[in-house]
Structures are given as C-alpha cells and as structure tokens.
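Coordinate analysis (summary)
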Amino acid sequence: MPGLLRGVARTAVVAGTATAVSNRVSRRQGQRWAEQEPAQQYEAPPPPRPAPAPAAPTAAPEDRIEALKQLGELKAQGVLTEAEFAAEKARILAS
C-alpha cells in the first residue's frame, strides 16, 4: 500500500506542476499579445461600392414602369441595397 500511495502522490505533484507552468505560460503570452495589440496596423475597410450610374431621364410612364421593374429585379438579385433601391426609385419617379 505505501508504494501505491507514493505513486499517487508523485502523479499529483507532476500534474500540479504541469498545470502551474501551463497557466504561467498562458498568462505571459496573453500579456505579450496585449502589449503588441495597440501597435498593430489594422487593414482599412474596403471602400464603399460606387453608386450605379444614373439612367437617362424618361418621360413616358411605360418607360418608368419598365425601369422600376428592372430596379426591382436588381434588388431581388442582391445587386442593390435597400438604400440604393430607394434612391433610384425616387429618382425614377421624380423624372
């Protein structure tokens, strides 16, 4: 029985030492990363997509309806955002 107890005690000491060393290394690495973080240069966000080119002004109501249909299709396909869609729709209806 004393040999078994000695083996268990040795295992506990080794496991405790390994845990302490691992925690210390993790803390030290975290501190290094925290010190480096402010000095890092972050990549600038991509520039916004250019607005679609304005279409030629239309006078006939049929042309407006066709333009609105095409605009709706572009929005449904995900080409236009909600804000772009609203701006173009307002421009078409104002012409």
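Parameters and conventions
Residues numbered from 1 in each chain as written. Predicted model: local features only at pLDDT ≥ 70, side-chain atom pairs only at ≥ 80, totals over all residues. Heavy atoms only, no water. Patch = residues over 30% accessible without salt bridge, like charges linked within 9 Å, V, L, I, M, F, W, Y side chains within 5 Å. Areas by Shrake-Rupley, 256 points an atom, 1.4 Å probe, with all protein chains shown as cover. Salt bridge = Lys/Arg side-chain N within 4 Å of Asp/Glu carboxyl O. Lys, Arg positive; Asp, Glu negative; His and termini not counted. Charge placed at Lys NZ, Arg CZ, Asp CG, Glu CD. Helix = DSSP H or I, 4+ residues; strand = E, 2+ residues; numbered from the N terminus. Expected span 1.5 Å × (residues − 1). Buried < 20%, exposed > 50% of the residue type's maximum accessible area, 1.4 Å probe, protein only. Arc of directions from axis to C-beta. Contact = heavy atoms within 4.5 Å.

Overview of a negative patch on the surface
A cluster of like negative charges, contributed by E62, D63, E66 and E73, occupies part of the molecular surface. Mapped onto the elements of the fold, E73 is located in helix 2 (residues 61-77).

Quick look at helix 2
With 17 residues, helix 2 extends 24 Å from end C-alpha to end C-alpha; this agrees with the ideal 24 Å at 1.5 Å per step. A positive backbone phi angle near 90° is found at G78, which sits one or two residues after helix 2.

Structural notes on helix 3 (residues 82-94)
When the terminal C-alpha atoms of helix 3 are compared, their 18 Å separation across 13 residues agrees well with the 18 Å that a helix rising 1.5 Å per residue should span. Burial in helix 3 covers these residues: E84, F85, E88 and I92. When helix 3 is viewed along its axis, its buried side chains cluster within an angular range of 100° and face the same direction. Facing away from the buried surface of helix 3 by more than 90 degrees, the exposed residues are E82, A83 and A94. Looking at the buried residues of helix 3, the elements they touch are helix 2.

Looking at the pattern of salt bridges
Per the stated rule, a full pass over the model turns up three salt bridges. With its nearest N and O atoms 3.5 Å apart, the salt bridge here joins R49 to E84. With a gap of 35 residues between them, R49 in the loop between helix 1 (2-36) and helix 2 and E84 in helix 3 connect regions that are remote in the sequence. Taking the shortest distance from any N to any O, the salt bridge between R91 and E88 comes out at 2.9 Å. Of this pair, R91 and E88 are both found in helix 3, three residues apart, which corresponds to roughly one turn of the helix. Judged by relative accessible area, which is 27%, R91 ranks as partly exposed. Judged by relative accessible area, which is 13%, E88 ranks as buried.

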